Amino acid sequence: MNNVLITNRSEESYLLSKEFSLGIEVHDFFFPDVMDNPQPHNDRIKQMLGGIKLRSVHGPFSDLVPASCDTKIVEVCKSRFKNAFETAKELSAEHLIFHSGFIPKTYFPKDWLDNSTKFWTDFLSDKPNSMEIHIENVYEDDFNLLKELVDAIGDPRFSICLDLGHVNANSTKELNNWIQGLNDRIRYVHLHNNNGKFDDHFGLWKGEIDMLNTLELLKVHSPKALWTIETLSVDIKPSIDWLVDNGFIKG
């Protein structure tokens, strides 16, 4: 099996996953209304996931700040993230992605790091070894706080989900600096492209990111990372073809 997944933007994604022996990253459960009534979605998705072994779930993120100093907000985060974990377990997914919740200039770095370390240490305390948690960059300008967070947690189940499009749109640092700096702490990657201003989720071949060079760097510095094609629905199949044509996955 290729160690590449695609997002379940449509039912066609499940067909493409099976055709190319790819995994699926389930996105339905980051919507609050779905989280409040997950079972009908669980039943539908479990049926479509039949035959697909590599599975992940993207957790909720709207208005959620795990590093908050407000205990009530932290409790909401814990509740939402626990629900996401239970959903991932029910779907037999072994990978769960959460946003870092970092918002620039809202916390002193040490406070954010201390609060995040406590939150994720507590969250992991009763989770099985079979589930990996990947923390995704969004608005970070550089990788240092995420690097410090992974090192502070010191748990093999806890690693970085590097979102290439978020780096290109929100960071002044080059992608190669992120990849080399985070190195093997990256165990999951979101693949999509943009023009450096907005999080457009373009296909892999169109945008400012030199995708060929970026993926070669990831192979060297983050060889254990899974890759998920997180483009717009219309660009998923052409992005699969691009990966095949450039020798990254088998057709």
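Residues numbered from 1 in each chain as written. Predicted model: local features only at pLDDT ≥ 70, side-chain atom pairs only at ≥ 80, totals over all residues. Heavy atoms only, no water.

Engineer: Even after reading the chapter, I still don't get the overall build of the protein chain, so can you show me in this structure?
Structural biologist: When helices and strands are tallied, the protein chain shows 10 helices and 8 strands. In summary, the protein chain has a C-alpha radius of gyration of 17 Å against a globular reference of 18 Å for 251 residues, a match within 12%. Counting all 251 residues of the protein chain, 53% fall into the buried class. Of the roughly 11,500 Å² of accessible surface on the protein chain, a fraction of 51% belongs to carbon and sulfur atoms. Between the centroid of the 26 positive side chains of the protein chain and the centroid of its 38 negative side chains there is a distance of 4 Å. (Helix = DSSP H or I, 4+ residues; strand = E, 2+ residues; numbered from the N terminus. Rg over C-alpha atoms; globule rule 2.2 N^0.38 Å. Buried < 20%, exposed > 50% of the residue type's maximum accessible area, 1.4 Å probe, protein only. Areas by Shrake-Rupley, 256 points an atom, 1.4 Å probe, with all protein chains shown as cover. Lys, Arg positive; Asp, Glu negative; His and termini not counted. Charge placed at Lys NZ, Arg CZ, Asp CG, Glu CD.)

Engineer: Please clarify how helix α10 (residues 236-245) should be interpreted in this entry.
Structural biologist: Since the α-helix packs 3.6 residues into each turn, any two residues three or four apart lie on the same face. Listed as buried for α10 are Ile236, Ser239, Ile240, Trp242 and Leu243. Buried residues of α10, seen end-on, are gathered within an arc of 160° and therefore sit on one face of the element. Where the residues of α10 are buried, they touch β1 (4-7), α1 (11-20), α9 (211-221) and β8 (226-229). Just beyond α10, the residue with positive phi is Gly247, at close to 80°. (Arc of directions from axis to C-beta. Contact = heavy atoms within 4.5 Å.)

Engineer: Teacher, can you tell me more about the sheet that holds β8 here?
Structural biologist: Pairing between the strands of a sheet is mediated by backbone hydrogen bonds and can be parallel or antiparallel. Judged by pairing direction, the barrel is parallel, and its 8 strands sit side by side in the order β1-β2-β3-β4-β5-β6-β7-β8 before closing back on the first. Direction aside, neighbouring strands of the sheet carry axes that sit 25° apart on average. Both β1 and strand β2 (residues 23-26) contribute to a ladder of 3 bridges, which runs parallel. Bridge pairing in β2 places Leu5 opposite Gly23. Along the sheet face, helix α5 (residues 109-124) touches β4 (95-99), β5 (132-136) and β6 (158-163) and points at about 160° away from the line of β5. (Pairing = 2+ DSSP bridges. Axes fitted to C-alpha atoms, helices over the stretch in contact; angles between N-to-C directions.)

Engineer: I keep staring at the pattern of salt bridges and nothing clicks. Help me out?
Structural biologist: Close approach of charged atoms allows side chains of opposite charge to pair. For the structure on display, the rule yields 15 salt bridges. For Glu90, the salt bridge is made with Lys46, and the minimal N-O distance between the two is 3.1 Å. Taken as a pair, Glu90 in helix α4 (residues 71-90) and Lys46 in helix α3 (residues 39-48) lie far apart in primary sequence, 44 residues in all. Among the residues examined, Lys46 registers a relative accessible area of 33% and is labelled partly exposed. With its nearest N and O atoms 3.7 Å apart, the salt bridge here joins Lys78 to Glu75. Taken together, the residues Lys78 and Glu75, both in helix α4 and 3 residues apart, mark about one turn of the helix. Note on Lys78: relative accessible area 30%, which makes it partly exposed. Assessed through its relative accessible area of 47%, Glu75 is described here as partly exposed. (Salt bridge = Lys/Arg side-chain N within 4 Å of Asp/Glu carboxyl O.)

Engineer: I tried to follow the side chain of Thr231 on my own but got confused; where do I start?
Structural biologist: Note that Thr231 resides in the loop between β8 and α10. There is a polar contact of 3.3 Å between the side chain of Thr231 and the backbone nitrogen of Ile236. With residues up to four places along the chain from it excluded, the contact list for Thr231 reads Thr7, Arg9, Leu191, His192, His201, Phe202, Gly203, Leu204, Ile236 and Ser239. (Polar contact = N/O pair within 3.5 Å; in protein donor to acceptor, adjacent residues only side chain to side chain.)

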